[in-house]
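Residue-level listing of the chains:
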Amino acid sequence: MHSNRLLFGWRGAPARRRFFLRRLCSCGALLLWVTLAHATGTYQAPEDFLREVFAGQVPAPKKLWITDELKRQIDAIMDHDLGVLRLSYWARDERTAWILEEIGKEQPITTGIVVNAGKVERLKVLIFRESRGWEIRHPFFTDQFHNVGLKPDTQLDRNIDGISGATLSVTAMKKLARLALMLDAWVKDHAEH
Amino acid sequence: MKNVLLVGSGRAALLFAALAVRSGGSHAAEVPTAEQMWAIIQQQQKTIEELKAKLETTEGTVQATRKEVAETGKRVEETDQKVEATVEKVEEAAAKPPAASWVERTHVGGYGELHYNNWENDEAKTEKDEVDFHRFVLYLAHDFNDWIHFYSEIEIEHALVGDDDSGAFNSGQNNKPGEVELEQAYLELDIHENQSLRAGLQLLPVGILNETHEPNTFYGVERNLVETNIIPSTWWEAGLGVHGELLPSAFPGLSYNLLLHSGLQVATTGANAFRVRQGRQKVAEAPAADPAFTGQLKYTGIPGVEVGFTGQYQSDVTSSTLADDNISATLFEGHLIATKGPFGLRALAARWDLDDGPAATGPATGPSDGRDVQWGWYVEPSFRFDAPALLPGEAGVFARYSEHDNNAGDAASVDAQISRWDVGLNYWPHPDVVFKFDYQNEESDIASGNNDGFNLGLGYAFF
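What you see is a predicted model; the values in this text were computed from it and never measured. (Residues numbered from 1 in each chain as written. Chains lettered and ligands numbered in written order. Predicted model: local features only at pLDDT ≥ 70, side-chain atom pairs only at ≥ 80, totals over all residues. Heavy atoms only, no water.)

**Some remarks on the overall build of chain B**
When helices and strands are tallied, chain B shows four helices and 16 strands. By the burial criterion, 44% of the 463 residues in chain B qualify as buried. Here chain B has roughly 23200 Å² of accessible surface; of this, 61% comes from carbon and sulfur atoms. (Helix = DSSP H or I, 4+ residues; strand = E, 2+ residues; numbered from the N terminus. Buried < 20%, exposed > 50% of the residue type's maximum accessible area, 1.4 Å probe, protein only. Areas by Shrake-Rupley, 256 points an atom, 1.4 Å probe, with all protein chains shown as cover.)

**So, the side chain of B:Gln184**
Inspection of the secondary structure assignment puts B:Gln184 in strand 4 (residues 179–192). For B:Gln184, the contacting residues outside a window of four places in its chain are B:Tyr151, B:Ser152, B:Glu153, B:Leu201 and B:Leu203. (Contact = heavy atoms within 4.5 Å.)

**Some remarks on the packing of aromatic side chains**
On inspection of all chains with the given rule, the structure shows 16 aromatic pairs over all chains. With centroids separated by 5.6 Å and ring planes inclined at 75°, the aromatic side chains of A:Phe141 and A:Phe145 adopt a geometry described as edge-to-face. No difference in accessibility class separates A:Phe141 from A:Phe145, as the two residues are buried. Following the ring pairs from residue to residue traces out a cluster consisting of B:Tyr111, B:Tyr139 and B:Phe463. If you follow A:Arg95 out to its NZ or CZ, it ends over the ring of A:Phe54, 5.5 Å from the centre. (Phe/Tyr/Trp six-rings, centres within 6.5 Å; stacked < 30°, edge-to-face > 60°. Lys NZ or Arg CZ within 6 Å of the ring centre and 35° of its normal.)

**A closer look at the pairing of strand 10 (residues 329–340) of chain B**
Residue and element names in this part refer to chain B. Where strand 9 (residues 305–314) and strand 10 come together, 10 bridges link them in antiparallel fashion. Along strand 10, the bridge assignment pairs Gln312 with Leu331. Relative to strand 11 (residues 343–354), strand 10 is paired through 12 bridges, and the arrangement is antiparallel. Considered in strand 11, the bridge of Thr339 is made with Gly344. Counting the residues in the hairpin turn of strand 10 and strand 11 gives two residues, including Gly341, whose phi is positive at 60°. (Pairing = 2+ DSSP bridges.)

**Some words on a nonpolar patch on the surface**
Residues and elements named next belong to chain B. A cluster of nonpolar side chains, namely Val108, Phe136, Leu138, Leu140, Ile154, Ile156, Val161, Val180, Leu182 and Phe462, defines an oily patch on the protein surface of about 800 Å² accessible area. Among the secondary structure elements, those contributing two or more residues to the nonpolar patch are strand 2 (126–143), strand 3 (148–157) and strand 4. In terms of residue count, the dominant contributor to the nonpolar patch is strand 2 (three residues). Here Ile154 lies in strand 3. (Patch = residues over 30% accessible without salt bridge, like charges linked within 9 Å, V, L, I, M, F, W, Y side chains within 5 Å. Salt bridge = Lys/Arg side-chain N within 4 Å of Asp/Glu carboxyl O.)

Rendered as structure tokens:
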């Protein structure tokens, strides 16, 4: 007994073509239905993230001009130029908050990172635009960054386990965490002197 | 007068003293005369006038300075505003390239791998001492907008594609070894949050390597035998499917992939009859009357862990080659990837079940008997670490044991199972660049013998 006959209940190519067309129509209907519900991957607006981080009292943003020395350090972490003249950040007491972007495979991933006393207090994926690798937004991944610091060689001081199939997005998150930690140390060091 | 005297300057005091001296030391206490007093007053008045003039001049200077400071401050503020506006415009321009620029929405990437094989086959008394640029791949992708994307991948295999020695193309005689293949060309529509519809020529969601096979992502120079002969990687078909997250709130990390697609067309006679690898049509004027369906469930909800299951149904793996019969088939595959710190583990098992078919030509009892069942599995532990001193990057060692059998049916007249050990080393000077070495040792009773030896390779990928 041939299982395709049991499943499809036809004999011969014309019947199979009808089956194929029916499935195509079904998929088309599915497409129409889901297209109506099209949405982007905005998990939290950056301003909402900042309000949450600073309990509704968001300090005025500060501007960090990217000097030649700072640019060298940024390039060493990111493997490329950020393409901006300065970065905005928000600071209160020992905490600094950064809204940073890095491309996973083809699209920028907008990420909010809070650094407190030289350690990552919080990392959250705010806007994800790639077609794959969205798993990085889940707490099971981002929680790994909690309390991670920076080693002297600007590598993270703890291993971050990746997600299979989301390697490029994971790499982007590691880079942004390193960048936020380095920038936090930079602004504090230059404020003291 | 008293007031005038009080405000007298030092110069007036000196004059007074001089007059006193001139009038004689013995008369120093005498009161000055009226003329003397008048002279003193005149001098003091003159001094006062001079001081007033100086004060007025100073006050004027101060006023002018204040005005200049205020104007300078205003200019600084205006300059700040101009700098702010300029920087904002520059940053906006950098962040938002012109919408009409299709270049900004087009992405290029690729990968490649060069292999050196040095094998010996004791049974067949043959050697392989060969260098081959096995794969040179270019990706081209384009974003039509923020939810409609195009992806493509074109590959040159074995470096050279061309006519045979007589100038005839694909004559079957001394053809050049290479192929040019379109491995991906599909449209992807992000139809909902983390839900996408995909239509076109695409890689099938099965196994570990079929969708992710850039050389820097796996151990070993050559791909493993199970995902070559049982899962015929690289395997692509034309189809329409949907993939995305499944119940993200309840099961974060659970995803699905459903695809209706074109099927295989295996040979029904000859040495490769009913071998699935040789049944790939590669969407090249391929018969499409016998569709197939693939579904995959994957769980990546624990960092470093992936568990995947794939099922596939082929309505007729011969694509209607047999006039009186259809040979349907099912493929089941499961795999595990686990990475914790430097430790890694990959394991995979896959099995095909083909309908028996007619006795004269079917996979169970025909000329290639036993191909109604084909299976394989492997397990691959690994350890990755920082490269030794003076070397940048990372290195990793691995061992892999695999078994597979393309003639595993009950009616098989030969034992075609191949067991193989692979051990080796990867060195990544950069995460996207790899150098590889491995040693392979096969065991089997097949007539073509076992290939034992070592391989060297290099690979790269960029996006």
